[in-house]
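Examination of the molecular architecture
Below are the chains, spelled out letter by letter.
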Amino acid sequence: MIKGSVLRDSMISGANSIANQRSQIDELNVFPVPDGDTGTNMSMTVTAAKRELVKLPDNCTVEKVSSVAASSMLRGARGNSGVITSLLFRGFSKALVGKKEASAEDLAKAFESGVAAAYKAVMKPTEGTMLTVARMGAEAAAVAETEDTTEMFTIILDAAKVALANTPEQLPVLKKAGVVDAGGAGFVTILEGMLSVLRDGVMVEGEASEKTAEEKANFVPKGVYAAEIDPNMKNFYCTEFLVNKNDKASAVKLRAFLESIGDSVVVVDDEDIIKAHVHTNDPGKALSSAMLHGFLSNMKIENMKEQNAERQTEGKGLEKQAEAEKNPNAGKFKYAAVDPDTAYGFVAVAAGDGLKDIFTDIGVNAVVSGGQTMNPSTEDILEAIHSVPAKTVFVLPNNKNIIMAAEMAVDIADRKVIVLPTRTIPQGISAMLSFDDAADAEANAVAMMQAADRVATGLVTFAARNSDFDGHKIKEGEILALENGKLSFTEKDLTKAAVKLARSMVKKDSSFVTVISGCDVNEEEAEKLTEQISAKMPSGVEVTRLNGGQPVYYYIISVE
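About the criteria used
Residues numbered from 1 in each chain as written. Predicted model: local features only at pLDDT ≥ 70, side-chain atom pairs only at ≥ 80, totals over all residues. Heavy atoms only, no water. Helix = DSSP H or I, 4+ residues; strand = E, 2+ residues; numbered from the N terminus. Buried < 20%, exposed > 50% of the residue type's maximum accessible area, 1.4 Å probe, protein only. Contact = heavy atoms within 4.5 Å. Areas by Shrake-Rupley, 256 points an atom, 1.4 Å probe, with all protein chains shown as cover. Pairing = 2+ DSSP bridges. Axes fitted to C-alpha atoms, helices over the stretch in contact; angles between N-to-C directions. Polar contact = N/O pair within 3.5 Å; in protein donor to acceptor, adjacent residues only side chain to side chain. Expected span 1.5 Å × (residues − 1). pLDDT = per-residue confidence, 0-100. 1 Å grid on protein atoms, 1.4 Å probe; cavity = no way out; pocket = protein on both sides within 12 Å on 5 of 7 lines; lining within 4 Å. Points joined across faces, edges and corners; volume = space filled by probe spheres on them. Nonpolar A, V, L, I, M, F, W, Y, C, P; charged D, E, K, R; others polar.

**Considering the overall build of the protein chain**
Across its full length, the protein chain holds 20 helices and 16 strands. Taken over 560 residues, the protein chain has a buried fraction of 51%. Within the protein chain, contacts between residues at least 6 apart in sequence are counted, and of these 71% link residues at least 24 apart. When the accessible surface of the protein chain is split by element, carbon and sulfur atoms take 50% of a total near 27100 Å².

Laid out in structure tokens, this is it:
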């Protein structure tokens, strides 16, 4: 049997194992653009769990350990690989509910549950990835005939290793690059770290790391009051209306009827109207009876349970905000309670001071630092969401590898969140510019994504290493030109690559070209390039330049 403390230590060991090998796993990525990478994302996801696991006492149960790990990974998930990792451990924890210790059979069921949760969450599962590696491990456990937990875990790991070695046969792109799946390799690395504790009693040592310093500030606390609902309340619909009297109207008779179906009755009349108020569980009866006395106007029905719940939520939010304002170690995003008068707010992900300023200028409330060089976690995005005091918050990930992490925040946020699956910076900008504050949330979501989809995105970057990708032999240091995420061509000259890419992206119906310069080109170079692109454009196409200051990409080119 596996005790809670042993499972705790094994998970910490697994986190250390992948943290130590994250760079090697990053190198398995097929596409040669420098980015956050699989090893880094999985490492940061599992390390989020490690930070909480180290706080658990030795008498903890396997249920508690798996629950803490799953919750922490969910909030700390980074990139698609990190999200899938968190889903595997989330399913794992569900199978250990109510367990103090785990048997070999429990392990088998936990892995089966984890795989089922991950497959269910991914829209189109691809075989030859970490999903396959995890599934093959779970399938081996399901048929294993052993009651020894260490032997069971070894069987799972051995099957996962076989599946990992076979991934190039399932995905041609892996075979061509001569690598195994990076996510699968990360998963195996985590399991190896866990087995080190289970089998040998040895925890893999982690690399020393310094904690990032948080911004510090002095805040003024606020008092909060949240009303409790009356436990003796029996009628929950507050109903009010005006009766425009007919010849048979009787305020006395109406009052008597309302008192028979509710309480808190108030009836006042004059020569022409009757004003009525009642708390009842059947507002329809109240209105039907009132119509016997004349025609109705100014009707209002409110659910007092719902109102109280909203006040409770608002009160708790204000309490949380007050606590955040007192905290001298608060992070970049300070918690803000929902303001009932603020309908919409916006969160965007971007890297580079210039891009952050651009998004702020067009109405984004909170900009999360991140992108291709660093995928923010679900917790990072959630903190930004909670800093926006709006009833509905739109989130613009602006990178395909951040969308899943953003979507994970939807269910754990304390306000409504709509994730717009923008995959590039230009899509995010275009979506923001199309927002209409007169439209409702759903209509805006549709319109904003339609605007995003009309934008073509070009990226000019460099190859981080030698590679053979998509029919192109790429040498380290070469300039890469990508159009809508696909490699278009390679070049040796940066300016030629940017001009050529811009020209190829412009179509007959194109009207605007925007050049966003990165941190690795100076103002003079960027301005000259913009002039060259403008000179090559057809008449009627307007070319502008913005200073984005983004890393990795020398230029981001937007065409619409």
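We are not done yet, so read on.
**Concerning the sheet that holds strand β5 (residues 344–350)**
Ordered by their spatial adjacency, four strands build an open sheet running β6-β5-β7-β8, and the pairing between neighbours is parallel. Strand pairing shows two members of the sheet lacking a second neighbour, β6 (366–369) and β8 (416–419), which therefore form its edges. With strand direction ignored, the average angle separating the axes of adjacent strands in the sheet is 20°. Strand direction decides the pairing type here: β5 and β6, joined by four bridges, are parallel. Counted as the bridge partner of valine 347 is alanine 366 from β6. Sheet contacts for helix α18 (residues 441–453): β5, β7 (392–396) and β8; angle to β7, the most-contacted strand, approximately 15°.

**Describing the environment of valine 347**
Mapped onto the elements of the fold, valine 347 is located in strand β5. A sequence separation of 72 residues divides valine 347 from valine 419, and the C-alpha atoms of the two residues are 9.4 Å apart. Excluding its chain neighbours within four sequence positions, the residues that come into contact with valine 347 are Val364, Ala366, Val368, Ala384, Ile385, Val388, Val393, Phe394, Val395 and Leu396.

**Considering the side chain of threonine 457**
Take threonine 457: it is sitting in strand β9 (residues 456–462). For threonine 457, a relative accessible area of 3% corresponds to the buried category. A polar contact is formed between the side chain of threonine 457 and the side chain of threonine 424, at a distance of 2.8 Å.

**Structural notes on helix α1 (residues 4–20)**
In a regular helix each residue adds 1.5 Å, so 17 residues correspond to 24 Å; α1 covers 24 Å between its end C-alpha atoms and thus fits that length. For α1, the buried fraction is high: 14 of the 17 residues fall into the buried class.

**Here we look at the environment of valine 180**
Mapped onto the fold, valine 180 is located in the loop between α9 (172–177) and α10 (182–200). As for valine 180 and alanine 165, which are separated by 15 residues in sequence, their C-alpha atoms are 6.4 Å apart.

**Notes on the confidence of the model for the protein chain**
Averaged over every residue, the pLDDT of the protein chain is 86; residues scoring 70 or more account for 88%. This stretch, residues 209–229, has a pLDDT under 50; its non-local contacts, to residues over four places away or in other chains, come to 37 contacts.

**A closer look at the pairing of strand β12 (residues 479–483)**
Extensive coverage of β12 is indicated by the burial of four of its five residues. Relative to β12, β9 runs antiparallel, the two sharing five bridges. From the neighbouring strand, leucine 459 faces β12, where its bridge partner is leucine 482. Two strands pair when backbone bridges link them, and β12 and strand β13 (residues 486–491) are joined in this way by five bridges, in the antiparallel orientation. Bridge assignment links alanine 481 to a residue of β13, and that residue is phenylalanine 489. Here β12 folds back onto β13 in antiparallel fashion, the turn holding two residues, of which asparagine 484 has a positive phi close to 50°.

**Focus: the pairing of strand β16 (residues 555–559)**
Burial analysis of β16 places five of its five residues in the buried class, the great majority of the element. In β16, alternate side chains face the same way, and those of Tyr555, Ile557 and Val559 on one face and Ile556 and Ser558 on the other are all buried. Summarising the sheet, β9 and β16 pair through five bridges and their orientation is antiparallel. Bridge pairing in β16 links alanine 456 to valine 559. Relative to β16, strand β14 (residues 512–517) runs antiparallel, the two being bridged by five bridges. Of the residues in β16, the one forming a bridge with serine 517 is tyrosine 555.

**Considering empty space enclosed by the protein**
Summed over all chains, the structure comprises two cavities of 30 Å³ or more. Empty space within the largest cavity amounts to approximately 100 Å³. Considering the residues around the largest cavity, the lining is formed by Leu88, Phe89, Phe92, Ala110, Phe111, Gly114, Val115, Ala134, Phe153, Phe187, Leu191 and Met194. Where the lining of the largest cavity is concerned, the elements lending two or more residues are α5 (79–94), α6 (104–121) and α10. With four residues, the top contributor of residues to the lining of the largest cavity is α6. A breakdown of the residues in the lining of the largest cavity according to their chemical character gives eleven nonpolar, one polar and no charged. Lining the second largest cavity we find Met11, Ile12, Gly14, Ala15, Val46, Ala49, Lys50, Leu53, Met73, Phe89, Ile190 and Met194. Going through the elements one at a time, α1, α3 (38–53) and α10 are the ones with two or more residues in the lining of the second largest cavity. Tallied by class, the residues present in the lining of the second largest cavity amount to ten nonpolar, one polar and one charged.

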